[in-house]
Amino acid sequence: MPVQEASLATKPRTCHSRGSGNPPSRVAGVLQDAAARLGEAGIDTARLDAELLLMEALGWSREDLYRNPEGGLRQAQAERFESLVSRRLRAEPVAYMTGTQEFWSLDFRVTPDVLIPRPETEHLVETVAEFLASRPGPCRILEIGTGSGAVAVCLARECAEAEIWATDVSAPALDVARDNASRHGVEGKIQWLRGDLFAPVQGLAGWFDVLVSNPPYVPSGEVGGLQREVRDWEPVLALDGGADGMDFYRRFVREGARHLREGGLLAVEVGAEQGGAVSRLFDAEAGFQRVRVRRDYAGLPRVVTAERIPATKV
Ligand code: SAM
Ligand code: GLN
């Protein structure tokens, strides 16, 4: 029980974090100190990160932290916290240290083999969930580039009759995704397939109601200029979208149309500056109509959708 541990740990004999003679480390003090160091290092979310890392070091919940500002740290706990803070100072994302990231109000396991699911990507889930709600009944969804499996798992939970095929080129990512599906009780609704884009579903022409993807979309030349957390820690395979960042969108319109049934939805996440280019690309493609751009809470283009037109009109 964290609260008891904390009060036991206030005994001076065991609570020195920086050698004997120092005053005991207490929650409020170590938090303030760590937040200041992280802030000085230019980390925008310094206070929040310090809290998350202290929760991780102590095995505490956020409530434990707020209720026990004067709780003392045992030396091992203080050392563990210090080691996490040092890793954060080297730009390691908190989610890789804690091994989890919340997305769509669910906890997903993440490892450095997968992109940490972003809040923006919830707009992609929401877009597809709305489309499915407008046409109840069985539904076949193909997700390309599933990573942690966050999108596929959320859609499996949102749509009772969904049957999902989720692909990735990365075998370690698919292991993480599988694990996330079983954590959230939807392992029976998703098939995990390894391979390049549509290769794993070659035989399934006209099969899917939805093709959804958050593909790599960062222009190759901009990957090196991404923030350190992303550039130095997240898999480049999840980020690099080719010379202009558009490689995957081109392949979706060219190769994706044949996998969608009439009236089926193509829904992709886009970078904040790609809304116009991706919607023009989808507009120019004979197989699609009703191209729409959906904005995120910051007002930036985030999801582009298009509907597969009846084959007779192509
Ligand atoms: N769907 C997850 C999400 O939204 O958080 C991960 C998206 S991440 C931006 C893109 C994913 O596409 C990565 O997991 C990467 O391994 C995968 N990927 C990259 N190239 C691919 C390809 N040619 N075919 C299939 N998947 C690919
Ligand atoms: N949104 C990611 C970023 O923060 C890019 C992910 C992607 O390429 N799909 O850079």
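The coordinates are above.
I will try to describe carefully the structure that is included in this document.

The rules behind the values
- Residues numbered from 1 in each chain as written.
- Chains lettered and ligands numbered in written order.
- Predicted model: local features only at pLDDT ≥ 70, side-chain atom pairs only at ≥ 80, totals over all residues.
- Heavy atoms only, no water.
- Near = heavy atom within 4 Å.
- Polar contact = N/O pair within 3.5 Å; in protein donor to acceptor, adjacent residues only side chain to side chain.
- Areas by Shrake-Rupley, 256 points an atom, 1.4 Å probe, with all protein chains shown as cover.
- Nonpolar A, V, L, I, M, F, W, Y, C, P; charged D, E, K, R; others polar.
- Buried < 20%, exposed > 50% of the residue type's maximum accessible area, 1.4 Å probe, protein only.
- Helix = DSSP H or I, 4+ residues; strand = E, 2+ residues; numbered from the N terminus.
- Pairing = 2+ DSSP bridges.

Contacts to ligand 1 come from 19 residues, most closely from Gly145, Asp168, Asp196, Leu197 and Asn214. At a separation of 2.9 Å, a nitrogen atom of ligand 1 approaches a polar backbone atom of Gly145. Contacts to ligand 1 include Gly147, whose backbone N or O atom sits 3.5 Å from an oxygen atom. Coverage of ligand 1 by the protein amounts to 95% of the 600 Å² it exposes when considered alone. In terms of residue class, the shell around ligand 1 is built from 10 nonpolar, 6 polar and 3 charged.

This paragraph deals with the pairing of strand β9 (residues 301-308). Along β9, 8 of the 8 residues are buried, which leaves the element largely enclosed by surrounding structure. Alignment of strand β7 (residues 260-269) against β9, held across 5 bridges, turns out to be antiparallel. Paired with Leu265 across the bridge in β9 is Glu307. Across 6 bridges, the pairing between strand β8 (residues 288-295) and β9 is antiparallel. The partner of Arg295 across the bridge, within β9, is Pro301. Counting the residues in the hairpin turn of β8 and β9 gives 5 residues, including Gly299, whose phi is positive at 80 degrees.

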